[in-house]
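Coordinate inspection notes
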Amino acid sequence: CLGLDHSAISVTDTAASLAFYAGLGFRAASRSTNVGPAQARLDGVPDPHVTVTGLRPPGAPTPHVELLDYAGEFSRGGHVCDDRDIAATVLVFAGADGAPRHLRDPDGHRLRLT
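Residues numbered from 1 in each chain as written. Predicted model: local features only at pLDDT ≥ 70, side-chain atom pairs only at ≥ 80, totals over all residues. Heavy atoms only, no water.

Here we look at the sheet that holds strand β1 (residues 6-10)
The four strands lie next to each other as β1-β4-β3-β2, forming an open sheet whose pairing is mixed. Each edge of the sheet is formed by a strand with only one pairing partner; in this case those strands are β1 and β2 (27-35). Across this sheet, the average inter-strand angle for adjacent strands is 20°, counted without regard to direction. With five bridges connecting them, β1 and strand β4 (residues 64-70) associate as parallel partners. Opposite H6, over in β4, you have H64 as the bridge partner. Here helix α1 (residues 14-22) sits on the sheet and contacts β1, β2, β3 (49-56) and β4; the angle it forms with β4, its principal contact strand, is near 160°. (Pairing = 2+ DSSP bridges. Helix = DSSP H or I, 4+ residues; strand = E, 2+ residues; numbered from the N terminus. Axes fitted to C-alpha atoms, helices over the stretch in contact; angles between N-to-C directions. Contact = heavy atoms within 4.5 Å.)

Shown next as structure tokens:
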């Protein structure tokens, strides 16, 4: 394994997430809509329709963050993982100015800026 090139997170409102991550220096670098059998196999859900927005971090092309905005019944619907949830993760971003900070994005994803 040569490393990871991105982390993907589910969001309920792409515009709100874009505004939040722009405040951290990220910018939208790509956008696509993924549908079909290949996406269904990848996600493990039937007939997915997901808008993917790639966010480029400040100063480097990777690793980047992808916002996954699902339409229909597979939308997260405002669910926020509890810190003890098996799916709970923390995205860690190095190179932030000042003391380390712990934040949550609009969908409750935990971030640590170091």
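What to know about unusual backbone geometry
Unlike most non-glycine residues, D47 shows phi in positive territory, near 50°. Within the fold, D47 resides in the loop between α2 (37-43) and β3. For D47, a relative accessible area of 69% corresponds to the exposed category. (Buried < 20%, exposed > 50% of the residue type's maximum accessible area, 1.4 Å probe, protein only.)

With respect to the packing of aromatic side chains
Scanning the entire structure with this criterion turns up two aromatic pairs. Geometrically, the ring pair formed by F20 and Y21 is edge-to-face, given 5.1 Å between the ring centres and 85° between the ring planes. Residue classification places Y21 among the buried positions, given a relative accessible area of 0%. When the ring of Y21 is compared with that of F26, the centres are 5.8 Å apart and the planes differ by 85°; the resulting orientation is edge-to-face. (Phe/Tyr/Trp six-rings, centres within 6.5 Å; stacked < 30°, edge-to-face > 60°.)

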